[in-house]
Amino acid sequence: MTTRIIGTGSFFPQMIVSNDDLSKVVDTNDEWIRSRTGIKERRISEGQDTSELAIEAAKEAIASANIDVKEIELIIVATSSADNVFPNTASLVQFGIEAENAVCYDLSAACSGFLFALNTAHAFIKSGIYKKALVIGSEVMSKTIDWKDRGTCVLFGDGAGAVVVAADEIGIEDMVMYSDGTKGNVLLCEDRKVGNFLTAAVKNEEVDSSYGFVKMEGQEVFRFAVKQVPQCISKVLEKSNTNIDDIKYFVLHQANIRILQSVAKRLNVDIEKFPTNLELYGNTSAASIPILLDEMNKKGMLKSGDKIVISGFGAGLSWGATLLTW
Ligand code: UT7
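Source: prediction; values computed, not measured. Throughout, a residue's number is its position along its own chain's written sequence, starting from 1. Two thresholds apply to this predicted model, a pLDDT of at least 70 for residue-level local features and 80 or more for giving and counting side-chain atom pairs, whereas whole-chain, interface and lining totals are computed over all residues. To obtain the side-chain values, all non-hydrogen atoms of the structure were included, while hydrogens and water were left out.

Help me out: how do you make sense of helix α11 (residues 288-298) in this one?
The periodicity of an α-helix, 3.6 residues per turn, causes residues three or four places apart in sequence to face the same way. Judged by how many residues are buried, α11 sits mostly within the fold: nine of 11 residues are covered. Type-normalised accessible area, obtained with a 1.4 Å probe on protein chains alone, sets the label of each residue: buried when under 20%, exposed when over 50%, and partly exposed for intermediate values. Secondary structure counts use DSSP, requiring at least four H or I residues in a row for a helix and at least two E residues in a row for a strand, with both numbered from the N terminus. Where α11 is concerned, the buried positions are S288, I289, P290, I291, L292, L293, D294, E295 and M296. Positive phi appears at G300, one or two residues downstream of α11, with a value of about 75°.

Written out as structure tokens, the structure reads:
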């Protein structure tokens, strides 16, 4: 018994922000952004929070799976931009879709979040604990961005993608996941600071209630991705004794077109096997993989029996790959 994706969905805020729009708020231009990243525009929330995007994507995934929402036993939301410190986003989704039989929690692994959440759901299903789960990647990255930092603000976008997974004879075949906490500083977004009125008063200091924004050493992250992603894809294929030529698509986290091109080259695989939609959405962090899967599903690109590799990578540092049969 394994875990099969039986339904997909996605949802975006309506507001489209082009590179030209961004050039009015920071010192950048369309040519720089397109040539360095492949991004042309992104969606930005004007008020909808992460759970609201997640709920709409989840409803679509459940309709696509054609199941009763009461069958869902587990909801995992992968996100770095949760509505609240608590309750978790998954519980808000449970309420929003009336999935009263599901246990709910969020998973924080930045841009690897969806992959890690999918693999976590797989562990529950493979062990027989649950039979159906909802796995969501949802982000309102725009609230974590420093809109004065041109090195990061041009990269990210908001959106949500969801999949329903169920116990089946075919589906996930193998997975590899990795973390390197020594490189945590190259891509980080700090939460609220330690400190309160009591400790500040003792030291006669002001309370620092500021929040952090995304900070990134772009080139370091780029080098990490183009080295580790091909290696982990090769590893999952080797583990499962699968020939790379048998893979129909490599569905990677949508961070940068140059990362996709470099990974394809290093694996000696035609870039046509690396679908992309980042030109329209930018980097939606944990949401990018399920959003792309949903787009491919809606376009009829995924046929039963197709082998695909999913790979996520990002802050932590964290990375991994999962091989599955559609
Ligand atoms: O989910 C994982 C998330 N992160 C990533 O995937 C990021 C991986 N890294 C990258 O994609 C690339 O490193 C970036 C796209 C972020 C940057 O590209 P780069 O080729 O590494 O550029 P750079 O940081 O070396 O900057 C080159 C120049 C600098 O100017 P000087 O010092 O050469 O005068 C930057 O200040 O480009 C400048 N620059 C910009 N110029 C116009 C940086 N950001 C911008 C901008 N518009 N938005």
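When you look at the environment of K59 in this model, what are you seeing that I'm missing?
The residue K59 is located in helix α3 (residues 50-65) in this model. The class of K59 is partly exposed, set by a relative accessible area of 41%. Expressed as a C-alpha distance, the spacing of K59 and F11, which sit 48 residues apart in the sequence, is 9.7 Å. Note on definitions: a residue-residue contact is assigned when non-hydrogen atoms from the two residues lie within 4.5 Å. In contact with K59, not counting residues within four places along its chain, are G96 and I97.

Which parts of the structure should I look at to understand the UniProt feature "domain: Beta-ketoacyl-[acyl-carrier-protein] synthase III C-terminal" (unreviewed entry) in the chain?
According to UniProt, the feature "domain: Beta-ketoacyl-[acyl-carrier-protein] synthase III C-terminal" (unreviewed entry) maps to residues 237-326 in the numbering used here. The distance separating the terminal C-alpha atoms of residues 237-326 is 16 Å; by composition the span is 32% helix and 22% strand. UniProt positions are given in the numbering used here, feature names are shortened, and annotations may be inferred rather than shown by experiment.

Can you help me understand the packing of aromatic side chains in this one?
Centre distance and the angle of the planes are the two values used to describe a pair of aromatic rings. Centres within 6.5 Å make a pair out of two Phe, Tyr or Trp rings, where for Trp the six-membered ring is used; the pair is then stacked when the planes are under 30 degrees apart, edge-to-face when over 60, and tilted otherwise. All chains considered together, the criterion is met by five aromatic pairs. Ring geometry for F12 against Y281: centres 4.1 Å apart, planes inclined by 5°, an arrangement best described as stacked. Taken together, the residues F12 in the loop between β1 (2-11) and β2 (16-18) and Y281 in helix α10 (residues 278-281) connect sequence positions 269 residues apart. Looking at F12, the relative accessible area reads 14%, which means it is buried.

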